[in-house]
Amino acid sequence: MKGRLSLKHILIATVCLAGRAALAGDRGLTNTWASPHVQLRCTDIDDVHWTEGFWADRFDLCHEAMIPNMWNLLADPQISHAYDNFLIAAGLKEGRHRGPKWHDGDFYKWLEAVAFVYGLTHDEALDRQMDDIIGVIGRAQREDGYLHTPVIIEARNRGSNAQEFQERLDFETYNMGHLMTCACVHYRATGKRSLLQIARRATDYLYGVYQRSPQTVANNAICPSHYMGVIEMYRTMRDPRYLELAKGLIDIRDQVTDGTDHNQDRIPFRQQTEAVGHAVRANYLYAGAADIYAETEDRSLLDTLETLWRDVAYRKMYITGATGALYDGVSPDGSKNHSAIQLVHQAYGRDYQLPNVTAYNESCATIGFALWNWRMLSITGEARYADLLEEILYNGVLSTISLDGKRFFYRNTLCQLDDLPFELRWSHRREPYISCFCCPPNIVRTIAEVAGYAYSVSDEGVWVNLYGGNTLATRLPNGSEVKLTQKTDYPWDGNIRIAVEQAPSEEFSLFLRIPAWARGAAVSVNGQAIERPPNAGQYCEIRRRWPEGDRVELVLPMRAQLIEAHPMVEETRNQVAVRRGPIVYCLESLDLPTGVDIQQVAVTPDIRLSNRFDRELLGGIVVLEGQARRLAGDEWGAALYRELPSEPPKPVDICLIPYYAWGNRGDSEMTVWLPIR
């Protein structure tokens, strides 16, 4: 596989930046078109359009409900203060800063979702709305490029220059990082430079601080979205100072005084071997480091990232793709050196420490893990990263938002029980507004941008990463145009049909991702099975000349599977979860007969689960139905231990629903893992 771009490609991409981008891929969600050390490159924002089915429905909901609903929240000073803070910082309104210090970043995430949706819909109302908002943001920015509304408002109100970077938990670089990423997406979607120029001044400011006082920048790398942001600015502007800054951001982490596992800076990054501390901060760091590798080929970064990824994927990740198991904990846990032990929260725990009732799983951590896997896929072209990306999107991401797009989880449990004997932070139900509002706009922008993950291109051809009804109109690196149409009822049905609408005369490859769960998949071209059966967990390459009208059919087996966890995961020993295709299922108390407690339900290893599509239930889902067992002895009283009841279990009918859909029919109990009896 050819993973490098020719000098001609790089020069052309660089020249095109002087005007509107002209090549496929340099208007992608992540602009890896000229990245010299990736195997796969992005399609443009408007290359992929959802046409029907699962993701088309969610994109439409994002456009029509999620985005306007969130604007109403962010712009209402009685609910949120995000937009109000920009108005005050711009001198258009009197007042003080209100809300968390990272509220600017929340707003930029929502604005990025708007920009991406505009790139696909060309909704003129969204374009006008963005223009108005960007005008306010520009007026709020200081002349030197600094942009962080808490400090700017304080300076305006006090009539003096409030000092920046006085407290590392002020999230200044985090906010500026989301500004940079948002600005790049806005530029690629609209061709306008208004927000890009604001982000350029902010990046120049950060570069100046880095030059004068690298220690200051190192000490203020909290939730380092700016690692991804600075690289994206480099990819867009091709300013070599930005690449210098990005490389330096990793190197200067070693200079942090009083580093902590909570912020992943107690140990130099390249020496880290396990994921620790705040999971959002960790996953943002890892995604940013992957971006830096893609531009520099610093092998020490990739080696570290591979080690950390294996630690998360094989020892610290939930079956839903969520990460960050602990509400609170300590790190390094169990250390002989008691003085080294520190408090962590919203954090990775020990290997295999994956509780269910008390699972934290902040929504932003799940999204950060998706960002990291997407970048690792681009770097390596390995299907394992795309498999996890899909698992995260269908389960970890979609479960965080209600089916109407207007209510949100901050934390994401895998077992919801009423009347717990202890208190847990955050609501057990989705809420229309959360005081810490970082997750909801992150969820919305992720759903808006799923089309940007669906395909990749390389010198060899087109890679199909995600399945859903869509059209693709893109170009290969040699400039050849390719148009495909995909039709499928995935994820409910495993039959996927791809039609070639336009292709170059020379041969190229179509790479179909065969998920690891899809053993026995079959691929045919124009009705003829391909010579080599596809392997689960890999991309299946079909290389040939593709006349217009060629048809490819992929059949992925969609049987319900009982999944067990590693025996070191104590919380799920002798239990199973149920997965069908990419969807993880759960049992919700609303679907049990009256009088049956969710903790009484067990399944047998040979349970037969039939699938049925219910168009009227929860927006249209496939349910799994079967006969389970109701265990005896539901009354415990004050006992902590007791003799196992001798009464045999009784049969009980169960109906399992997708995990992402739970909690949409009122208060209920829920569990993903079920005992085996």
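Before any of the text, the structure's been laid out above.
An account of the accompanying structure is given in this report. (Residues numbered from 1 in each chain as written. Predicted model: local features only at pLDDT ≥ 70, side-chain atom pairs only at ≥ 80, totals over all residues. Heavy atoms only, no water.)

**Digging into the overall build of the protein**
When you go through the protein residue by residue, the secondary structure sums to 16 helices and 25 strands. Taking 2.2 N^0.38 as the reference for a compact globule, 677 residues should give roughly 26 Å; the C-alpha atoms of the protein span a radius of gyration of 25 Å, in line with that estimate. Considering the protein as a whole, with its 677 residues, one finds that 61% of them fall into the buried category. Surface accessibility of the protein: about 26000 Å² in total, with carbon and sulfur atoms responsible for 47%. Each charge sign in the protein was given a centre, from 71 positive and 87 negative side chains, and these centres are 2 Å apart. (Helix = DSSP H or I, 4+ residues; strand = E, 2+ residues; numbered from the N terminus. Rg over C-alpha atoms; globule rule 2.2 N^0.38 Å. Buried < 20%, exposed > 50% of the residue type's maximum accessible area, 1.4 Å probe, protein only. Areas by Shrake-Rupley, 256 points an atom, 1.4 Å probe, with all protein chains shown as cover. Lys, Arg positive; Asp, Glu negative; His and termini not counted. Charge placed at Lys NZ, Arg CZ, Asp CG, Glu CD.)

**With respect to the pattern of salt bridges**
Overall, the coordinates contain 47 salt bridges when judged by the stated rule. Two residues, Asp106 and Lys109, come together in a salt bridge whose shortest N-O distance is 4.0 Å. Note that Asp106 and Lys109 are positioned in helix α4 (residues 103-121) at a spacing of 3 residues, about one turn of the helix. You'll find Asp106 and Lys109 in the same group, each marked buried. When the shortest N-O distance is used, the salt bridge between Arg445 and Glu112 registers 3.0 Å. Here the residue Arg445 occupies a position in helix α16 (residues 439-448), and Glu112 occupies one in helix α4, the gap between them amounting to 333 residues. In this pair, the class of Arg445 matches that of Glu112, namely buried. (Salt bridge = Lys/Arg side-chain N within 4 Å of Asp/Glu carboxyl O.)

**As for helix α6 (residues 149-158)**
Of all the residues in α6, the buried ones are Thr149, Pro150, Val151, Ile152, Ile153 and Ala155. Gly159 sits one or two positions beyond α6 and adopts a positive phi of about 70°.

**A few points about the sheet that holds strand β5 (residues 342-348)**
The 3 strands lie next to each other as β3-β5-β4, forming an open sheet whose pairing is antiparallel. Both edges of this open sheet fall to β3 (277-278) and β4 (326-331), since each of them pairs with a single strand only. In the sheet, β3 pairs with β5 via 2 bridges, with the strands oriented antiparallel. Looking at β5, one finds that Gly277 is bridged to Tyr348. (Pairing = 2+ DSSP bridges.)

**Comments concerning the pairing of strand β19 (residues 583-588)**
Burial of β19 is extensive: 6 of the 6 residues sit out of reach of the surface. A two-sided burial pattern is seen for β19, the buried positions comprising Ile583, Tyr585 and Leu587 on one face and Val584, Cys586 and Glu588 on the other. Relative to β19, strand β18 (residues 575-580) runs antiparallel, the two sharing 2 bridges. Within the sheet, the bridge partner assigned to Arg580 lies in β19 and is Ile583.

**A look at the nonpolar core**
If you look at the biggest cluster of nonpolar residues, it comprises 236 residues, and the most contacted ones within it are Trp372, Val462, Leu512, Leu556 and Val672. No other element matches the 12 residues that helix α12 (residues 279-296) contributes to this core. Apart from residues no more than four positions distant in its own chain, Leu512 is found in contact with Val464, Tyr467, Ile498, Val523, Gln538, Tyr539, Cys540, Ile542, Val552 and Leu554. (Core = buried A, V, L, I, M, F, W, Y, C linked by side-chain atoms within 4.5 Å. Contact = heavy atoms within 4.5 Å.)

**Thoughts on the environment of Glu564**
With respect to the element layout, Glu564 can be found in the loop between β17 (560-563) and β18. If near-sequence neighbours (up to four positions away) are discounted, Glu564 is found in contact with Gln575 and Trp673.

**Digging into helix α10 (residues 225-237)**
When the terminal C-alpha atoms of α10 are compared, their 18 Å separation across 13 residues agrees well with the 18 Å that a helix rising 1.5 Å per residue should span. Burial within α10 is extensive, with 12 of its 13 residues counted as buried. Against the buried residues of α10 lie α7 (172-190), α8 (194-212), α11 (240-251), α12 and α14 (363-380). Phi for Arg238, located one or two positions after α10, is positive at around 60°. (Expected span 1.5 Å × (residues − 1).)

**Observations regarding the packing of helix α3 (residues 82-89) against α6**
At a minimum axis separation of 9 Å, α3 and α6 run at an interaxial angle of 40°. One finds that α3 runs oblique with respect to α6. In the packing of α3 onto α6, the handedness of the crossing is left-handed. In this structure, α3 uses Asn85, Phe86, Ile88 and Ala89 to contact α6, whose residues at the interface are Thr149, Ile152, Ile153 and Arg156. Partitioning the contact of α3 with α6 into residue classes produces 5 nonpolar, 2 polar and 1 charged. (Axes fitted to C-alpha atoms, helices over the stretch in contact; angles between N-to-C directions. Parallel < 35°, antiparallel > 145°, perpendicular 65-115°, else oblique. Left-handed = near helix turned anticlockwise from the far one by under 90°. Nonpolar A, V, L, I, M, F, W, Y, C, P; charged D, E, K, R; others polar.)

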